2 protein chains.
Amino acid sequence: MPRFSADGARVLADLHALRGIGAYKTGVHRPSLSPPHLESIRWLEAQLKANGLTPAIDGIGNVIGTAGRRKALLCGSHLESQNHSGWLDGPLGVVYALEAARVLNPVLKDAGIDVAAWCDEEGHFGPLLGSRSYVGQLSDEEMDAAVERTEGRRLRDALATAGFAGRPRFKAEAGRYIGYLEAHIEQGDLLEHDKLDIGVVTSIVGIWQFKIVVSGVQNHAGTTRMAIRKDAGVAAAQLLVELHRRLPRVAGPRTVWTVGNITLVPGAPSIIPGRAELLFQVRDADPQYVARIEAETRAAIADANRAGPCETAIEVLRTGQPAHMSATVQEAIEAAAAAHGASTVRMPSGAGHDAQFLSFAMPAGMLFVPSIGGISHHWTENTSDADIVRGAHVFVDTCARLLAA
Amino acid sequence: MPRFSADGARVLADLHALRGIGAYKTGVHRPSLSPPHLESIRWLEAQLKANGLTPAIDGIGNVIGTAGRRKALLCGSHLESQNHSGWLDGPLGVVYALEAARVLNPVLKDAGIDVAAWCDEEGHFGPLLGSRSYVGQLSDEEMDAAVERTEGRRLRDALATAGFAGRPRFKAEAGRYIGYLEAHIEQGDLLEHDKLDIGVVTSIVGIWQFKIVVSGVQNHAGTTRMAIRKDAGVAAAQLLVELHRRLPRVAGPRTVWTVGNITLVPGAPSIIPGRAELLFQVRDADPQYVARIEAETRAAIADANRAGPCETAIEVLRTGQPAHMSATVQEAIEAAAAAHGASTVRMPSGAGHDAQFLSFAMPAGMLFVPSIGGISHHWTENTSDADIVRGAHVFVDTCARLLAA
């Protein structure tokens, strides 16, 4: 079949246009449903209209631009960013989808690309709200309760301010699409380290989130002798060091775990902390490794409780089964990469993506482009222009192959 | 000389009246210049007037009730509390002072008690603002910059709301008072543990406050392999555990150190912390031990920096020389305790108190009553009624002895 290519300059120009909306240093600050995020949605609406797609926005802030073709592939990603974060995380996949529509829709007869921007993949109000809504995994009750994690704004209020409140929510219809394709920056250093062009995603890891609570005794930092203290902060530090020592023994080759936050209560300079809370996250594409990490963590906590003087408990906040990507899509990405002279590797995604929920409703796939230095979720995140353009070529050609199949 | 006593029931009634202002569980929540704190100031004004003292409030919120006697002893403490904290920390010393004025002023000829409530001993806006202002150690510039640590309210705004802005600030005049006496709960467990009635304070420890900053690399918690991480949270925990191991070797018998707060940046579940900040405090009545603790802490940090992968720095926020209490006052407390059959022990104060700054302007002393379980800076803080009443007797009698001398 003929090889399709992207217009690299157009793709870069679009990405830089989005970079200018909510710009922060060399990255962006575009939290979900914030003014810059809403501006980026309006930007996308205009682009969709200008290229023959009909945009619509639903009651959770998802944007879908439809071409109205009988045979359709859904492509997309997200437009909002983490706080003070990178310019490509999300927009790359949306612009690639737009580019695929621009290249393919005019030349294909009754097939084409629809473009999606899912709201709040970054989880400002809750994990992957938009894509979960689309596949029927977001209840009205969860929306009622959802609160933005930085400033405490209620999701319902934010949707009302945006003008989206009360609209119906888009739902995946059986058979509407032949599949879903999403491109993203790798957010790790594997492609760069191994000098590879394209990551072909095999599965998206599950995320298990735990809360660890250490209970001690709050007291005065000046008058309480060291010998009688029950300092929850010291106990939390000891547990974290112990986990760092013990968990590598039971981890798989790609298991990762992170204590992303520690809160000491009351957190004042002159008060011995009576309570410490740790957010503890574990990820692996293979749940058996997560089970081993959880068991070892519970064993370390039991040991700490036997030793005293504080009491530690662990609570499961969220478990996540890994999502498997379609073999057909993986093969199409590899064929398109070969046609463009791009090297590939099959790899799991360590990060969560909208594709993991789309995969519950249709065959789904993802391709990765390299991240410079593996940096992600920080404003210094970046990818070379050459890698961005190469990825766009492979993306457009993969779409063509899937629609031709 | 004749023995003077307090009216125990009146003292307890006053303390319970204050307990009802900003009540929180069995304690109080009465932050500096908050509505309940202002209500407690109005309560004190009314009590002072009703007992022949003339109350005045100055531009930092200090209250002084004057009896206008030629020979005067200044007595007091503070009315505000830590957040969600105990009912006696501060009010005990104010009510004892009020009681001494009620008992002694009517019977003494040209001598008497003036009563002070210093604003913000608890440091909501800054350390010991009121007593520092009184001895000339608080600049207008520091007041301009002061911000409340919980809610970020500016001191100047809070003073304006209270109606205190623009008033002159009281300043200690040479020779005005023969001395200063303050009573306080011990906030430790020494008196209870040794079954003693009264602590005679010899010195108030200096407080050295440090900020330790650990710099790592912020990155994605899913895609960044464990091997290449520079996790500032893990490094902070390792340092805290190492300090806990090493510092006892160089500490004195009463040295205490506390990490009261840890902040991970950005503090999100899916982001590896790029930065950690620890508030590290050291207290001792003997500065040589503090110097040894600081040196050992710097050595531990240097070792951590050699080992990598994060970089740690330490900054001195505040140093404090210990304040020595007047020998005359200590002897008067012991004589009064003996007259009331109360046992005593000389001890340093591990906590900071207004008396430490008053001691720069006049002979100052403090007496402690026992704290149940040594609990302090928590709403469960308490002292038995018998100990409260015994302390009031000793306080009133100490005042009489100082005024008679």
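Undergrad: Where do I start with the overall build of chain A in this structure?
TA: On a plain count of helices and strands, chain A comes out with 12 helices and 17 strands. Its C-alpha atoms give chain A a radius of gyration of 23 Å, near enough to 22 Å, the size a compact globule of 405 residues would have. The dimensions of chain A, computed from C-alpha atoms along their principal axes, are 80 × 45 × 40 Å. A burial count over chain A gives 61% of its 405 residues as buried. Pairs at least 24 apart in sequence give 79% of the contacts found in chain A among residues at least 6 apart. Element-wise, carbon and sulfur atoms account for 52% of the exposed surface of chain A, whose accessible area totals about 14,400 Å². Charge centroids of chain A, computed over 39 positive and 44 negative side chains, lie 2 Å from each other.

Undergrad: Help me understand the sheet that holds strand β14 (residues 311-318) of chain B in this model?
TA: The strands that make up a sheet are held in pairs by hydrogen bonds between backbone atoms, and each pair lies either parallel or antiparallel. Residue and element names in this part refer to chain B. On the basis of which strands lie adjacent, the open sheet formed by four strands has the order β11-β13-β9-β14 and antiparallel pairing. Single-partner strands in this sheet number two, and they are β11 (256-265) and β14. Shown here is a sheet whose adjacent strand axes are inclined to one another by a mean of 20 degrees, direction ignored. Strand direction decides the pairing type here: strand β9 (residues 206-215) and β14, joined by seven bridges, are antiparallel. Counterpart to V214 in the pairing with β14 is T312. Each of β9, β11, β13 (275-284) and β14 is contacted by helix α9 (residues 287-307), which is oriented at about 160 degrees to β14, the strand it contacts most.

Undergrad: Where do I start with the sheet that holds strand β11 (residues 256-265) of chain A in this structure?
TA: Residues and elements named next belong to chain A. One open sheet accounts for four strands, arranged β11-β13-β9-β14; its pairing is antiparallel. Across the chains shown, the open sheet's two edge strands, defined by having one partner strand only, are β11 and β14 (311-318). With direction set aside, neighbouring strand axes in the sheet form an average angle of 20 degrees. Strand direction decides the pairing type here: β11 and strand β13 (residues 275-284), joined by nine bridges, are antiparallel. In the sheet register, I262 faces β13, and the bridge partner there is L278. On top of the sheet, helix α9 (residues 287-307) reaches β9 (206-215), β11, β13 and β14; it is set at about 160 degrees to β14, its chief contact.

Undergrad: For this particular structure, what's the right way to read the interface of chain A and chain B?
TA: How big an interface is tends to be reported as the loss of accessible area on association of its parts. Each partner contributes to the interface: chain A provides 50 residues, whereas chain B provides 50 residues. Of the roughly 4,500 Å² buried between chain A and chain B on both sides combined, carbon and sulfur atoms contribute 58%. Across the contact surface, chain A and chain B share two salt bridges. We note a salt bridge from A:R225 to B:D189, for which the minimum N-O separation is 3.2 Å. Applying the counting rule to chain A against chain B returns 19 residue pairs in polar contact (both at pLDDT 80 or more).

Undergrad: Looking at this structure, I do not really get the relation of the copies chain A and chain B. What am I missing?
TA: Mapping one chain copy onto the other needs a rotation about an axis and a shift along that axis. Taken as rigid bodies, chain A and chain B are interconverted by a rotation of 180 degrees and an axial shift of 0.1 Å, the fit giving an RMSD of 0.1 Å. Taken together, the turn and the small shift mark the pair as related by a two-fold rotation axis. When C-alpha distances to the rotation axis are compared across chain A, the minimum falls at A:A237, with a value of 2.2 Å.

Undergrad: I'm lost on the packing of helix α3 (residues 91-104) of chain B against helix α12 (residues 385-404) of chain B in this one. Help?
TA: For any two helices packed against each other, the geometry is given by the interaxial angle and the distance between the axes. Residue and element names in this part refer to chain B. Contact pair α3 / α12: the axes reach a minimum separation of 9 Å and the direction vectors enclose 55 degrees. Of the possible angle classes, the one that applies to α3 and α12 is oblique. The crossing of α3 and α12 is right-handed. Counting all contacts with α3, which are made through L92, Y96, A97, E99, A100, V103 and L104, the residues of α12 involved are D387, I388, G391, A392, F395, V396, C399 and A400.

Undergrad: When you look at helix α1 (residues 8-19) of chain A in this model, what are you seeing that I'm missing?
TA: Spacing of three or four residues puts side chains on the same side of an α-helix, whose turn is 3.6 residues. All names here are of chain A. The terminal C-alpha atoms of α1 lie 16 Å apart, and with 12 residues this matches the ideal 16 Å at 1.5 Å per residue to within 8%. For α1, the complete set of buried residues consists of G8, V11, L12, D14, L15, L18 and R19. Down the axis of α1, the buried side of the element spans an arc of 160 degrees, and every buried residue falls inside it. Packing partners of the buried residues in α1 comprise β1 (23-24), β2 (27-28), α2 (35-50), α3 (91-104) and α12 (385-404). By the N-cap criterion, in which a side-chain oxygen at the helix start approaches the backbone nitrogen of a residue two or three places on, α1 is capped by D7, the distance to A9 being 3.3 Å.

Undergrad: Help me out: how do you make sense of the nonpolar core in this one?
TA: It is characteristic of soluble globular proteins that their nonpolar side chains tend to be buried jointly. In this structure, B:L33 and B:I113 are the most contacted members of the largest nonpolar core, which totals 72 residues. When residues no more than four places from it in sequence are discounted, the contact partners of B:L33 are B:L38, B:C119, B:F125, B:R153, B:L155, B:A158, B:L159, B:A162 and B:F164. One finds A:L104, A:I113, A:L138 and A:A158 within the second-largest nonpolar core, a separate group that totals 71 residues.

Undergrad: Quick question: what am I supposed to make of the environment of A:V259 here?
TA: Tracing the sequence through the fold places A:V259 in strand β11. C-alpha separation for the pair A:V259 and A:G152, spaced 107 residues apart in sequence, amounts to 22 Å. Once residues lying within four places of it in the same chain are set aside, the contact partners of A:V259 are A:L240, A:L278, A:L279, A:F280, B:L264 and B:P273.

Undergrad: What is the right way to look at the packing of aromatic side chains in this model?
TA: In this description, a pair of aromatic rings is defined by centroid distance and the angle of the planes. Using the criterion set out here, one finds 10 aromatic pairs over all chains in the structure. Each ring, one from A:Y96 and one from A:F395, has its centre 5.6 Å from the other, and the planes form 50 degrees; the classification is tilted. In this pair, A:Y96 is assigned in helix α3 and A:F395 in helix α12, connecting sequence segments 299 residues apart. Overall, A:Y96 belongs to the buried group, its relative accessible area being 0%. Residue classification places A:F395 among the buried residues on the basis of a relative accessible area of 0%. Both rings, one in A:F357 and one in A:F360, keep their centres 5.6 Å apart while their planes meet at 80 degrees; by these two values the pair is edge-to-face. According to the relative accessible area criterion, A:F357 is buried, its value standing at 12%. Linked through ring pairs, A:W118, A:Y134 and A:Y180 together constitute an aromatic cluster. Here A:R19 stacks its cationic end above the ring of A:W87, 3.8 Å away from the centre of that ring. B:R176 extends its terminal NZ or CZ atom over the ring of B:Y177, reaching a point 4.9 Å from the ring centre.

Undergrad: Would you mind going over helix α6 (residues 155-162) of chain B with me for this structure?
TA: All names here are of chain B. For α6, the complete set of buried residues consists of L155, A158, L159 and A162. Seen end-on, α6 carries its buried residues on one side only, within an arc spanning 100 degrees. Contact partners of the buried residues in α6: α2 (35-50), α4 (129-134) and α5 (140-145). Phi for G163, located one or two positions after α6, is positive at around 90 degrees.

Undergrad: Whenever I open this one, the pattern of salt bridges confuses me. Can you help?
TA: Note on pairing: side chains with opposite charge can pair once their charged atoms come close. Scanning the entire structure with this criterion turns up 45 salt bridges over all chains. Here A:E99 makes a salt bridge to A:R10, at a shortest N to O gap of 2.9 Å. Here A:R10 lies in helix α1 and A:E99 lies in helix α3, a separation of 89 residues in the sequence. Assessed through its relative accessible area of 29%, A:R10 is described here as partly exposed. Between B:R154 and B:D157 there is a salt bridge, with the nearest N and O atoms lying 3.6 Å from each other.

Undergrad: I would appreciate a short explanation of unusual backbone geometry in the present structure.
TA: Backbone phi values are negative for most residues with the exception of glycine, while trans is the configuration of most peptide bonds. Of the consecutive residues A:V265 and A:P266, the connecting peptide bond is found in the cis state with omega at 5 degrees. Structurally, the position occupied by A:P266 is in the loop between β11 and β12 (271-272). The residue B:K25 is not glycine, and still its phi comes out positive at about 50 degrees. With respect to the helices, strands and loops of the structure, B:K25 is situated in the loop between β1 (23-24) and β2 (27-28).

Undergrad: Mind showing me how you'd approach the pairing of strand β5 (residues 71-77) of chain A here?
TA: For a regular strand, side-chain orientation follows a simple rule: the groups alternate between the two sheet faces. Residue and element names in this part refer to chain A. Of all seven residues that make up β5, seven are buried, and the element is covered over most of its length. With burial as the criterion, each face of β5 is covered, one bearing K71, L73, C75 and S77 and the other bearing A72, L74 and G76. Examined bridge by bridge, β5 and strand β6 (residues 111-117) share seven bridges and lie parallel to one another. Bridge pairing links K71 to A111 in β6. Traced from β5 through α3 to β6, the parallel crossover comes out right-handed. Bridge count for β5 against strand β7 (residues 179-185) is three bridges, and the pairing is parallel. Counted as the bridge partner of L73 is G179 from β7.

Quick notes on the rules
Residues numbered from 1 in each chain as written. Chains lettered and ligands numbered in written order. Predicted model: local features only at pLDDT ≥ 70, side-chain atom pairs only at ≥ 80, totals over all residues. Heavy atoms only, no water. Helix = DSSP H or I, 4+ residues; strand = E, 2+ residues; numbered from the N terminus. Rg over C-alpha atoms; globule rule 2.2 N^0.38 Å. Buried < 20%, exposed > 50% of the residue type's maximum accessible area, 1.4 Å probe, protein only. Contact = heavy atoms within 4.5 Å. Areas by Shrake-Rupley, 256 points an atom, 1.4 Å probe, with all protein chains shown as cover. Lys, Arg positive; Asp, Glu negative; His and termini not counted. Charge placed at Lys NZ, Arg CZ, Asp CG, Glu CD. Pairing = 2+ DSSP bridges. Axes fitted to C-alpha atoms, helices over the stretch in contact; angles between N-to-C directions. Buried area = accessible area lost by both parts, 1.4 Å probe. Salt bridge = Lys/Arg side-chain N within 4 Å of Asp/Glu carboxyl O. Polar contact = N/O pair within 3.5 Å; in protein donor to acceptor, adjacent residues only side chain to side chain. Least-squares fit on C-alpha atoms with pLDDT ≥ 70 in both. Parallel < 35°, antiparallel > 145°, perpendicular 65-115°, else oblique. Left-handed = near helix turned anticlockwise from the far one by under 90°. Expected span 1.5 Å × (residues − 1). Arc of directions from axis to C-beta. Core = buried A, V, L, I, M, F, W, Y, C linked by side-chain atoms within 4.5 Å. Phe/Tyr/Trp six-rings, centres within 6.5 Å; stacked < 30°, edge-to-face > 60°. Lys NZ or Arg CZ within 6 Å of the ring centre and 35° of its normal. Right-handed = clockwise from strand over helix to strand, strands pointing away.

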